Structure formats: structure tokens, C-alpha cells
2 protein chains.
Amino acid sequence: MSLTAANIAAKPKPAATEGNGCQRFNTMPGNGAQPKTNYCASCAAHDKALCSRLTGSDLAEFGSMSQHKTITAGQMLFSEYDDARYYYTVISGDVRLSRMLDDGRRQITGFKSTGDFIGLGTDGHFTADAEAINEVVVCQFTVPTLNQSLEEYSVVQGRLMEMMQEEVINLQNHMLLLGRKTPMEKIANFLVERAKKYSGVDLDGDAITEVDVKLPMSRTDVADFLGLTIETVSRTITKLRKNGVIALETAQHIVIKDIEELELIANGEA
Amino acid sequence: MSLTAANIAAKPKPAATEGNGCQRFNTMPGNGAQPKTNYCASCAAHDKALCSRLTGSDLAEFGSMSQHKTITAGQMLFSEYDDARYYYTVISGDVRLSRMLDDGRRQITGFKSTGDFIGLGTDGHFTADAEAINEVVVCQFTVPTLNQSLEEYSVVQGRLMEMMQEEVINLQNHMLLLGRKTPMEKIANFLVERAKKYSGVDLDGDAITEVDVKLPMSRTDVADFLGLTIETVSRTITKLRKNGVIALETAQHIVIKDIEELELIANGEA
DNA sequence: CCCAATATTTGATTAAAATCAATGCCTTAA
DNA sequence: TTAAGGCATTGATTTTAATCAAATATTGGG
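These remarks concern the structure in this document. Note that the coordinates shown come from a computational prediction; the quantities given were computed from them, not determined experimentally. (Residues numbered from 1 in each chain as written. Chains lettered and ligands numbered in written order. Predicted model: local features only at pLDDT ≥ 70, side-chain atom pairs only at ≥ 80, totals over all residues. Heavy atoms only, no water.)

### Notes on the relation of the copies chain B and chain A
Alright, step 1. With an RMSD of 0.0 Å, the fit of chain B onto chain A corresponds to turning through 180° and sliding 0.0 Å along the axis. Here the two chains are linked by the operation of a two-fold rotation axis.
Alright, step 2. When the interface residues of chain B are mapped onto chain A, 100% of them are again interface residues, pointing to one common binding face. (Least-squares fit on C-alpha atoms with pLDDT ≥ 70 in both. Contact = heavy atoms within 4.5 Å.)

Written out as C-alpha cells, the structure reads:
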């Protein structure tokens, strides 16, 4: 079983550079006497990642086939049309995936961070650009290696399937946003999503009204994710601020003052 | 291994009605003496479907676990939030998948026809409405049955993975369209896509300029797929017609007069 | 610490598509 | 054959967000 859809025709275009910043996974700094297993078991990404259901020696063996790689802010992990030689799990930092038109118009199709898998939606070549928003550490597997692991570890296979399902749901949600939501609804939706995924607070719990949201990406990135211009993004955030629904600590640090109201706005119910 | 992402929280809402129009797959009309295999081997959907890599007795056994079901135009196959009890392969006809906002705004996330799998993007519940555009025949599997088959037939598993990859690519393409393309580019893109998928003509071959495109869906559906209003859809089609890039046999039957030009327009290169 | 460069916000104007409104066309059933 | 209803098209107007333009804030380098 291969993750790659070999039957799909590939598009013509050159591949890009490769191989900077690599380091063997097993050369990670730390106590040399510690058993290998612990590197992965204590990994910040493990609980949410492809390997989340592996433990003990299976996890150790799976992990031994991976390498960590560090990418500095602004650097590309890969470009659209590149041969898909590696798949990645984000350990830390934020990655943006995007597609572009010839004249420079850009659509960001997703932001990936700790635990997220990068490699869905490939047909042998990557179908998007992947760029580091800040310093990013990824755990990379070669495509053949991962494909073999999928055969060997059915729990990895199952987890991948689950992640693909989540991804399809996310993309469908985002299509509804792009096609049918107003700028105000888009921004509210975006902030609520970030809050749910990254604040660490359980928003379903009662009496929670105030949530911190960090936005590592620029306004341009937000605009290109939501199908807006930066000016509209900025004006809309200002409007929410003036209404008291949010407050701005800095441009990149937003405090949601009323998450319930923001959710109503996000779903067109306000 | 289960296709369902059991860990994802399910949303609250009632399930819908079920069970009309069912018929046992093996009671299909035809020569009773024919071996079972042939029913699936000669199925119009087989080559593109989940079962495309199964042959002989495997195909027969896999097929024996399915049922055919006929849905009349306008009827729902399932609704958003319904328990996902079945997965489907479209045998014939056209299905639209959509998500709605409370005030009625709708985004169609895809049109499914012969060979397409319906059931991607579920978390135990369906995350979209599925409606028949015309009379539709589907081949349905219960979720547990299909999950078991995925274990048993690795080629089915592999084909599913491939189809999910294609789906993710499709959705990413459509996000670029929704977020960043002009109405003219959207319509051109839509027509080219339909032509590539359904005309049966190999468009990469040279000297092909004229292609028939049938649109089983209404202008409202097209609008809700492309994030436009029906008026804008209509006006844009009229403009293409006046420019001679397309011609209208009827509203539902469009002839692409210059596919190359239409592709340029679709990609913002014209 | 200050300056330059970049990012964000705000303001004015324009362009584009949505909305409101009406007409035309096609299908179907009496 | 004709009338009715639904769908599609066309036209007029309004609204919205994009564009154009400028000011303010933030960041990093010297």
C-alpha cells in the first residue's frame, strides 16, 4: 500500500533544492544513556502526530527511520511541483501551505504546526508551496520509508486515515468560509479556530469568555488564507476591537473578550 | 483499521430517515446464469471506483457485501450530522455535496458521479448534505463492512488512499478558485474541469478545440459551487458566448469552441 | 539609541459583484 | 395548443470590498 497515487498524471515543472539543515534524529542533544524510545515518547508532537498510537519498541523503530530538520523563517520546505521525496510531521513552529496563480495571487490552503502531517494531497509531486513562518523543526520520512511503515504498522495507517478525514473536513469548512462568508464572519471564524486549536483552553467548558490567541503569521498571510485583502483584514479586526469582542495586545497577540459572541459571528448567527 | 476517525468529537443534531429504494445487489436484472463476478466486472463505475483493483472472486465477494440503491432527483442520500452508517460509490447520475449556514447560504463542496466515492470527510457523522441532482444509482456498503474490507483487501485500502489524495488536491484547487479567482476565471475553470472529467475526449491531444460539456446541475448549483450568484454565473456565461469561446446548445449543454483559450482564462493567463 | 525598512492601520475613491426587478424561455400538464 | 410555473437571462441600482494613497507603528541593523 502506497500513500502516493501513482496513477495520477504529474504536471511538468522543475524540482527545487534539497538537503540543508538536516541532522540525524538520533544525534539529538540530551542524555546519551537514555533509551531511544524516549526521544519520540517525549516529543512535543507525539500525541497529535502520525505516530501517536505507537509505543515502546515500535515507536523507537519507527522514529529511527526519521530525521529532524530545522528550517529558518521564510525558508521553503518544498515548492509546488517538486518531487515528493519526503513527508513531514511538524515538531515546532508554523508552516504555511499555499498555491499561487501566475500573476502572484496566492491562496493559503492551511497552516500547519505541532503534530500536523505535511504530505496529504500529493500525486508524486507536491501540489503546494510549504514555507516556514518562523523557525520550524520537522520530523521527516522518505516517501518509500513511510509507505513501508504504513504496511508494517496498521495503527500508523489508521492514524493517517484519520488525519486525512480531518483534513477533508477542514478543507470543506474552509470552502464554505471562502465561498459564502462575509469578511467579518471569515475573521471571526479564523480567530475562533485558532483559539480552539492553539489556546489550550477547553472552550466548551462553561464560563470561559476570554482567550489569548497568538497569530504567528502576517496580515498578508491571514488575507491570503481568508480570500481577502490586508486592508479588509485590518479594518475588520479594528471593527471587532471597537465592538469590544476582541482586544489587541499586539498585532500578533489578540485577546478574545467574548468567545461566544465571536462564534455566533463566525457562523452568521449574529 | 477504520476509516472513521473515532477520536473526533461529534456534533449534536438528529439523524434522518433511511432505507427507501433499496434492492439487493444480487437481484439485478439480467441473465441469471451469469456468474456473480460479472455484475461488478461489467459495472460502469468499476474502472474508476474503490473496487477498481479487485478482480475475479475477490471482486465478487466484495461486491456481494454491497447493495444498489436508487434515489430520485431532488432526494437526499443523507444530511449533515446524520450518523454515517453507509458509504457509497456512485454508479450513475449526479450527486451534490453541500454545507449550509443557518440563513440558507450554501456552499457546494463537490459534484459526484460515476465511480466517485462518497464518505470522505466524515467523523462518524456526515459533514455535508448529499442530494441527487437527477436519478442516481449508488452502490452502498455499511461502514463496518467497508472497514472490514479495507483490512482484508489491501488493494481496496490503497485505492481509497489514492482517492483521498485526489480529493485533497481537488479541494485545494477549489480553495484557490474560491478565494482568489474572478467570476470569469471561476466559470472558465468550472467548464474546463467538467470537460476534462466528463467529455471522454483526451484534451491533451493536439488539434482538439471543440468539446461538448453537459451540465446536469442548475445555475443555482453552479453559483453555490463557485461562490457566486446565479446572475453573475449567467452574465459570465453570456460574455463567454459573445466572445465565441463557448456556444450554448441549451442552458445545460455547452459547447466549448476554444478549449485552449478557456484554459488560459481559467488560470488567469488571458 | 536612532534610523531605515517593513508591517499595519486608516482614509478616500473606484470597481466589481450583489441585490433588486423584470422579462424571456422552456417544460409540462391540462 | 395554451397556460402556468420554474429556470435562466438581462437590466438598473446599490452595496461591498478592492484599490489607491497615506499615515502610523513596529522591528532589526548599525
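From this point, things continue past the structure.
### What about the interface of chain B and chain A?
Alright, step 1. Between chain B and chain A, the contact holds 53 residues from the first and 53 residues from the second.
Alright, step 2. There are 4 salt bridges connecting chain B and chain A.
Alright, step 3. Between R180 of chain A and D224 of chain B there is a salt bridge whose closest N-O contact spans 2.7 Å.
Alright, step 4. At the boundary of chain B with chain A, the tally comes to 20 residue pairs in polar contact (both at pLDDT 80 or more).
Alright, step 5. Secondary structure elements with two or more residues in the side of chain B that touches chain A: β6 (106-112), α4 (154-180) and α6 (219-226) of chain B.
Alright, step 6. At 21 residues, α4 of chain B tops the list of elements feeding residues into the side of chain B that touches chain A.
Alright, step 7. Looking at the side of chain B that touches chain A residue by residue, the class counts come to 19 nonpolar, 20 polar and 14 charged. (Salt bridge = Lys/Arg side-chain N within 4 Å of Asp/Glu carboxyl O. Polar contact = N/O pair within 3.5 Å; in protein donor to acceptor, adjacent residues only side chain to side chain. Helix = DSSP H or I, 4+ residues; strand = E, 2+ residues; numbered from the N terminus. Nonpolar A, V, L, I, M, F, W, Y, C, P; charged D, E, K, R; others polar.)

### Considering the protein's contact with DNA strand D
Alright, step 1. Surveying the vicinity of DNA strand D reveals 17 residues, the closest of which are P183 and T232 of chain A together with R219, R235 and T238 of chain B.
Alright, step 2. Of all DNA strand D atoms lying within 4 Å of any protein atom, the proportion belonging to sugar or phosphate reaches 66%.
Alright, step 3. Within the side chain of T238 of chain B, one N or O atom sits 2.3 Å away from a phosphate oxygen of DNA strand D.
Alright, step 4. Within the side chain of Q252 of chain B, an N or O atom sits 3.0 Å from a phosphate oxygen of DNA strand D.
Alright, step 5. Only α7 (230-242) of chain A together with α7 (230-242) of chain B provide two or more residues apiece to the surface near DNA strand D.
Alright, step 6. When residues in the surface near DNA strand D are grouped by element, the largest group, 5 residues, is from α7 of chain B.
Alright, step 7. The residue makeup of the surface near DNA strand D, split by class, is 4 nonpolar, 7 polar and 6 charged. (Near = heavy atom within 4 Å.)

### Structural notes on the environment of L77 of chain A
All names here are of chain A.
Alright, step 1. Position of L77 among the secondary structure elements: in strand β3 (residues 76-78).
Alright, step 2. According to the relative accessible area criterion, L77 is buried, its value standing at 6%.
Alright, step 3. Each C-alpha atom, one on L77 and one on V95, is 8.6 Å from the other, the two residues being 18 residues apart in sequence.
Alright, step 4. Once residues within four sequence positions are removed from consideration, L77 is found in contact with I71, Y88, I118, A130, E131 and V138. (Buried < 20%, exposed > 50% of the residue type's maximum accessible area, 1.4 Å probe, protein only.)

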